[in-house]
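Here is how the chains run, residue by residue.
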Amino acid sequence: MAIDEVVILENSSVLYDELMAHRLGLLPLKTDLERYILPEQCDCRSPLGCPKCRVLLVLDAQARDRVVTIYSGELVSEDKEVIPISDKIPIVKLATGQKVKLEAYAKLGRGKDHAKWQPVSASVLTETGKEDEFELYIESVGSLTAPTILSKAAEILHDKLNQFATAKGLA
Amino acid sequence: MDTWLIIEDILRKEGIARQHLNSYNEFIERGIQSIVDEIGSVEIESLTNPYKIRFGRVKLGTPRVVEIDGSVSNILPLEGRLRNMSYVAPIHLEMVVEENGIVREQQTQHVGDLPVMVRSDLCALSKMTEQQLIDVGDDPNDPGGYFIVNGSERVIVGLEDLSPNKIIVDMEKTGGNEVFKSKIYSSIVGYRAKLEISMKKDGAINIKLPSSPVELPLVIIMKALGIETDKDIANAISSHSEIQDLLEVSFEKATEVHTVQEALVYIGNRVAHGMVEEYRLRKAESLLDWGLLPHLGRTPNERYDKSMFLGEAVSKLLELKLGWIDPDDKDHYGNKVIKFAGQMIADLFRTAFRNLIRDMKYQLERTGQRRGMNVVGAAIRPGIITDKLRNAIATGNWGRGKVGVTQLLDRTNYLSTLSHLRRIQSPLSRSQPNFEARDLHATHFGRICPNETPEGSNCGLVKNIALSAIISVSSSASEVIERLTELGVKTTKEADQTTRADGCRIFVDGRFLGYVLDGEGLVNQFRQQRRQGNIHPHVSISYVRPKNEKAVGRIYVDVAAGRVLRPLLIVEGGQPLLTDETIQRIAKGELSWKDLIQMGVMDLVDANEEENCYVTIDQKSLNRDHTHMEVYPSAIFGVTASMIPYPEHNQSPRNTYESAMAKQSLGFPAPTYGYNTLVRQHLLVYPQPSLVATKSTPLLNLDQRPTGQNAIVAVLSYEGYNIEDAIIVNKAAIDRGFARSFFYRLYEGEAKQYLGGMKDNFEIPSAESNIRGYRGEKYYRLIESDGVVMHESVVSGGDVVIGRTSPPRFMEEYKEFEIKGPYRRDTSIAVRPSETGTVDAVFMTQNIEGGQLFKVRVRDMRVPEIGDKFASRHGQKGVVGLVVDQEDMPYTEDGIVPDVIINPHAFPSRMTVGQFIESMAGKAAALTGHPIDGSAFTGEGPEDIGTILKKFGFNSTGKEVMYDGRTGRKYAVEIFIGVVYYQKLHHMVADKIHARARGQVQMLTKQPTEGRARGGGLRFGEMERDCLIAYGAAMVLKDRLLDEADKTKIHVCEKCGLIAFHDIRQRKYVCRIDGEQSQISTVSIAYAFKLLLQEMMSLNIAPRLLVKDKV
Ligand SMILES: [Zn+2]
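Definitions and limits used
Residues numbered from 1 in each chain as written. Chains lettered and ligands numbered in written order. Predicted model: local features only at pLDDT ≥ 70, side-chain atom pairs only at ≥ 80, totals over all residues. Helix = DSSP H or I, 4+ residues; strand = E, 2+ residues; numbered from the N terminus. Buried ≥ 20, exposed ≤ 12 C-beta atoms within 10 Å, placed from the backbone. Contact = placed C-beta atoms within 7 Å. Pairing = 2+ DSSP bridges. Axes fitted to C-alpha atoms, helices over the stretch in contact; angles between N-to-C directions. Parallel < 35°, antiparallel > 145°, perpendicular 65-115°, else oblique. Left-handed = near helix turned anticlockwise from the far one by under 90°. Nonpolar A, V, L, I, M, F, W, Y, C, P; charged D, E, K, R; others polar. Domains from an automatic or database assignment. Core = buried A, V, L, I, M, F, W, Y, C linked by C-beta atoms within 7 Å. pLDDT = per-residue confidence, 0-100. Arc of directions from axis to C-beta.

Turning our eyes to something else, we now look at the overall build of chain A. Along chain A, the regular secondary structure elements total two helices and eight strands. Principal axes of the C-alpha set define a box for chain A whose edges measure 65 × 40 × 25 Å. Taking all 171 residues of chain A together, 28% fall into the buried category. Partitioning the contacts of chain A with sequence separation of at least 6, the portion at a separation of at least 24 is 60%.

In this section: the overall build of chain B. Check the secondary structure of chain B and you find 31 helices and 54 strands. Taking the principal axes of its C-alpha atoms as reference, chain B extends roughly 95 × 95 × 75 Å. Evaluated residue by residue, chain B yields a buried proportion of 43% over its 1111 residues.

Looking now at the sheet that holds strand 39 (residues 825-826) of chain B. Residues and elements named next belong to chain B. If you walk across this open sheet you meet the three strands as 35-38-39, and the pairing is antiparallel. Each edge of the sheet is formed by a strand with only one pairing partner; in this case those strands are strand 35 (761-762) and strand 39. One ladder, built from two bridges, connects strand 38 (residues 804-806) with strand 39; its direction is antiparallel. For Thr 805, the partnering residue across the bridge sits in strand 39 and is Asp 826.

Okay, the packing of helix 27 (residues 913-928) of chain B against helix 28 (residues 942-951) of chain B next. All names here are of chain B. Two elements in contact, helix 27 and helix 28, have axes whose closest approach is 9 Å; the angle formed by their N-to-C orientations is 40°. In terms of their interaxial angle, helix 27 and helix 28 are classed as oblique. When you trace helix 27 past helix 28, the crossing you get is left-handed. On helix 28, the residues touching Ile 917, Met 920, Ala 921, Lys 923, Ala 924, Leu 927 and Thr 928 of helix 27 are Pro 942, Ile 945, Ile 948 and Leu 949. In the contact of helix 27 with helix 28, the residues fall into nine nonpolar, one polar and one charged.

All right, on to the interface of chain B and chain A then. With 15 residues of chain B in contact, the opposing surface of chain A contributes 19 residues. Classifying every residue of the side of chain B that touches chain A by side-chain character gives five nonpolar, five polar and five charged.

Moving on to the domain arrangement of chain B. Residue and element names in this part refer to chain B. Taken as a whole, chain B is organised into domain 1 (4-161 + 340-433), domain 2 (175-337), domain 3 (470-636), domain 4 (641-740 + 866-984) and domain 5 (742-862). For domain 4 and domain 5, the distance between their C-alpha centres works out to 45 Å. Opposite the ten residues of domain 4 that make contact, domain 5 presents nine residues. Split into classes, the residues belonging to the side of domain 4 that touches domain 5 amount to five nonpolar, three polar and two charged.

So, on to the environment of B:Thr453. All names here are of chain B. Relative to the helices and strands, Thr 453 resides in the loop between helix 16 (435-438) and strand 18 (462-464). Note: C-alpha distance between Thr 453 and Arg 81 (372 residues apart in sequence) is 30 Å. Contacts of Thr 453, omitting those with residues within four sequence positions, involve Cys 459, Gly 460, Val 462, Lys 463 and Thr 656.

In summary, soluble globular proteins display a tendency toward joint burial of nonpolar side chains. Of all hydrophobic cores here, the largest spans 239 residues; its most connected members are B:Ile220 and B:Ile267. Broken down by element, the residue count for this core peaks at eleven residues, all from helix 12 (residues 341-367) of chain B. Residue contacts for B:Ile267: discarding those within four places in its chain leaves B:Leu216, B:Ile220, B:Ala224, B:Ala284 and B:Leu287. Counting 25 residues, the second-largest nonpolar core is a separate cluster that includes A:Leu57, A:Ile91, A:Val92 and A:Val100.

A few words on unusual backbone geometry. For residues other than glycine, phi is negative in most cases, and the peptide bonds are mostly trans. Residues and elements named next belong to chain B. Even without being a glycine, Asn 165 presents a positive backbone phi close to 60°. Among the structural elements, Asn 165 can be located in the loop between strand 9 (158-162) and strand 10 (167-174). Looking at Asn 165, the number of C-beta atoms within 10 Å reads 21, which means it is buried. Phi at Ala 739 is positive, roughly 60°, even though this residue is not glycine. With respect to the helices and strands, the residue Ala 739 is situated in the loop between helix 25 (731-735) and strand 34 (741-750).

A few words now on the packing of helix 2 (residues 18-39) of chain B against helix 12 of chain B. All names here are of chain B. Relative to each other, helix 2 and helix 12 sit at 25°, their axes nearing to 9 Å. The pairing of helix 2 with helix 12 is recorded here as roughly parallel in orientation. Remark: the crossing between helix 2 and helix 12 carries right-handed chirality. Across the interface between the two elements, His 20, Ser 23, Tyr 24, Glu 26, Phe 27, Gly 31, Ile 32, Ile 35, Val 36 and Ile 39 from helix 2 touch Ala 341, Gly 342, Gln 343, Ile 345, Ala 346, Phe 349, Arg 350, Phe 353, Arg 354 and Ile 357 from helix 12.

Turning our attention to the domain arrangement of chain A. All names here are of chain A. For chain A, the assigned domains read domain 1 (2-107) and domain 2 (119-167). Taken over C-alpha atoms, the centre of domain 1 sits 29 Å from the centre of domain 2. Taken together, the contact pairs six residues of domain 1 with six residues of domain 2. Of the residues assigned to the side of domain 1 that touches domain 2, the class counts are four nonpolar, one polar and one charged.

This part is about the sheet that holds strand 13 (residues 205-208) of chain B. Residue and element names in this part refer to chain B. The sheet built from five strands is open, its strands ordered 10-11-12-13-14 with antiparallel pairing. Edge positions in the sheet fall to strand 10 and strand 14 (216-217), since each has one partner strand and no second. Where strand 12 (residues 191-199) lies against strand 13, four bridges are found, and the strand directions are antiparallel. Counterpart to Met 199 in the pairing with strand 13 is Ile 205.

Residues and elements named next belong to chain B. Counting buried positions along strand 23 (residues 540-544) yields four of five residues, so the element is predominantly enclosed. Relative to strand 24 (residues 554-558), strand 23 is paired through five bridges, and the arrangement is antiparallel. Counted as the bridge partner of Val 544 is Arg 554 from strand 24.

This paragraph deals with the environment of A:Lys116. Along the chain, A:Lys116 turns up in the loop between strand 6 (99-107) and strand 7 (120-127). Accessibility expressed as a C-beta count within 10 Å gives 24 for A:Lys116, which makes it buried. Note: C-alpha distance between A:Lys116 and A:His22 (94 residues apart in sequence) is 9.6 Å. Once residues lying within four places of it in the same chain are set aside, the contact partners of A:Lys116 are A:Ala2, A:Gly25, A:Leu26 and B:Asp735.

All right, on to the confidence of the model for chain B then. Counting all residues, the mean pLDDT for chain B is 92, and 98% of those residues have values of 70 or more. With a pTM of 0.92, the predicted complex shows an ipTM of 0.96.

All names here are of chain B. Every buried residue of helix 28 is accounted for by Ile 945, Ile 948 and Leu 949. Buried residues of helix 28 fall within an arc of 100° about the axis and therefore sit on the same side. Residues of helix 28 that are exposed and point over 90 degrees away from its buried face: Glu 943, Thr 947 and Lys 951. Immediately beyond the C-terminal end of helix 28, within one or two residues, lies Gly 953, with a positive phi of roughly 85°.

Along the chain, the position of A:Lys99 falls in strand 6. Once residues within four sequence positions are removed from consideration, A:Lys99 is found in contact with A:Glu10, A:Ser12 and A:Gln62.

Here the focus is the pairing of strand 25 (residues 564-572) of chain B. All names here are of chain B. Of all nine residues in strand 25, eight are buried; the element is thus mostly enclosed. Sheet analysis places strand 25 next to strand 27 (residues 602-605), joined by four bridges and oriented antiparallel. Of the residues in strand 27, the one forming a bridge with Pro 567 is Leu 604. Pairing between strand 25 and strand 26 (residues 575-576): two bridges, direction antiparallel.

As structure tokens, then:
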């Protein structure tokens, strides 16, 4: 999952709203594929989604008497399972008196649409030298475990092949 | 020995804009006072009560603003920028009213406002600490050196000029004849008189002066100056017989003139022909005092000095004729000085001050009777000085045809600002070839950047000073003369015959001082004195040994401001005097670079003095003959070229291209971007310091103000989408923020007051109140009742951001529409067509006239897209040809996917090997986690980098096995991949994309308008037309050039061929000439052609169209 919609209630930081949203989007979130579905497959049709297709994370931070850096750990999620993979990712630095208050909506998505949904930081398919044998190396960013990524990918590939076969009348 | 520390210390302590600040500070400290002293006083002539106003000390106040209500407050540059005001300080002048020599009254008067150079001694910011600067909202790293006029930042670009008061000899060939010439630009501040001595084929020597319509014979001028005998004249020139022999013809031509008086009569007859005798003599005298070598003095007392100087000029000319010396090189940098803001403003101030005094005198003499300080005070119009200075800086118009003196400070990025402040302009015409003047000259070494110059018409005329260059400040000539006399120099009057004949001639500050027998000895002693601190370090001394021993040696001592000096380490006995220990103390901050000069281990030499030096580039090649050693080799570059890594591996023009491109790259110009009010501005969202940096990177603050990002770059072809220098960009990189930038545009509107009490209103123009030019409700939807758009509103082309109505332009318009009553015009400010964005900031303030001023800044996020322009630091530019999904990009065995793919064809012909090395060094830096030094000549070389790569398990050549992301197949060859610093240039497709079907046409020609902003057409030009002709596509041709352009029907009389008109009563077309007999036919022509016919008719030409039926 990755943050896809941000409702900014207050932002007096030096980061523009669109940049704040961009940075939030790039935070990798721990994802449970069993409990959430893609927004386009959900029947709620709501722009901000419903509990089946999104997770709400809230950020309410301010710098009172000194300059502070706001880290990913300060995001409060409505689903305690869906949280940033690390607490130590800097989001924004606030100068004294600055304040950020926002609601962020995380959704499932595809890496093809935006890099923030890519579950891997490296995916390498190499030749082993033997005929028809390849080696696939993947490195998870932490949102899904590597086995989950692989099995889900296989599942998607399988579905696509089935769809293809159906469409061509081969099944 | 890390001698870079010296260069670093110089630039850190002096700042990037020192040359501007020194020049300006000199003006406010001494220059302005000396201009006032020059005039001294003014006599108020009156029959009854004549009196005199004497001028005393000039005092400059602090920068301030006088508000419309008369209140005065001090301001900082920031307020000037924000409120469209000028950053000026008041000039106060002591004035004394004297009557018959008795002081009556004394008072200080405000005589005008002086534009204040930011960070000069007059500027409040120059006294602030870094934290104070931050607190007042200014950038601590801003170099200053520019002015703020009407809210905009303007630089007086350094102007290269020929050294004044130097004798330049040359041989010109005109039609097979050799003409020998000796030229002197005799200059005093604000005035320059060119003197030209020439020797033609017949051997007669003549002098050309600006104040004389004809050439005057040398001998007669010499006689007029008081040297009456031929022998004395010959001796004043040279005591050598071979030279004296060449004077024979000149003497023969002046046999009828013997005395000073006769000479003056002769000159008077030539310069003021046909006037009364008294006037002729006066003219002749003024020619000698003002027209001839005015820099030596403007009174008869200096005539002897002038004769000696003239004699020297002739001597040089004749030595050239005899082949004893070579012609002088005009392009030698020792013959050039650079004028900066102080000198330029001094020129202006002089005329402005004279105007003020003239005006004051006129007023006081007109009012007559009354006198006293109150009357004097009332007669001063400070506007004369204030307006003259402000307008000149605002427009760059310096008077006397000098235009383009000031330029708007380039704020594209921090580097471009620095470069702009170190730029130098040549006064030579850019439309003429001036080949030699454009060439790089050996004397530019270490003074002028060899790479940074524009291409095209300004090539070689616009230059930039090198990092190591120091611009001299003026120092006292009299002190130098004192030292020289102590060292045994005999003045022209004192010297005996032998000293004159055998001695070296010595010149100080453009004056012929005297002679010395042991020239070289003197020069060495003088240098010793300078190294001991007894003489200003900027004073240069050079000894010119003639190539023929019969000619005399000459010593030139120069104290003038504006010479380009460079530091050189002193070498004695094959060893530099600088020790490691001293360098360490500089590193610790215990010593400053200036101490090195005082310690006698470093010299500042100008191009003339360098002619006496034997300089080695580094310690390796040092031998016992060397006198000096370079401080640091890569300091010969200017600011932009010095940030190129490994430039010595590139083909030189590539470094020149990069020097130009770096100034167009987006970055982080200043931390004040939150409230800057520049008309256009860019900001790169995630700027990175380069992994492969140069020594100058931290020095120029480029680690804090970067202008690009480190990209993983593979050199590979990809489906042809990167041919012709296009680049392929990874979509995921873009998603993650690669090369994302903001574009800011400022819109401003002020409320003006008009005659008759009417004024502009900020409001939402209403549909009901009959407003002329009402745009329609939807365009005003974003503005609020105060007339201004709300912060963070999303706007697009045409949306009004500042709603404003103005009173009618002319009073007559009232009458015409009286029934409807007075109406107002809509003068709202709307977002430019084809631009969009978010309202970023709204500034509300008051301008100097007291009118309300709104500034609205709109920001637009620019995510890289196809067509955006990028460049590496090696003059390798290209546009995005394709954005590719990450999964389709090639990858290495480690899973590294490039951000950018460039085409291999970019390298063979361009030979930018530096980019290869940078790529490998970048990779090594990424692996080790430490930046790598890629400084010119001294950076870490490819071998060392290869070793690092090998250590981390990579191929030392930078190549890797890669796989095609689409097929998963290994590429047949290894691919060169590494980390290269990429710059996003400000040419973005979003600002250029344009198409048109139908649209606006010009009123006069009915042809489509031009340009994207006006929704213009795309020109179907002559070359395109030629194509259609070549193809024989006649119908397409007609379609483009007539049917779809400005087709018009006109009615032509077949009989006379002139245009007929439509008579409304007869309801038919008639011909004015042939009337009833005419046969009218209709023809289709281009409207522009119709216009041409009518324009010709207005010039009394009758163009006739011969019309025939189409067969
Ligand atoms: Zn839903």
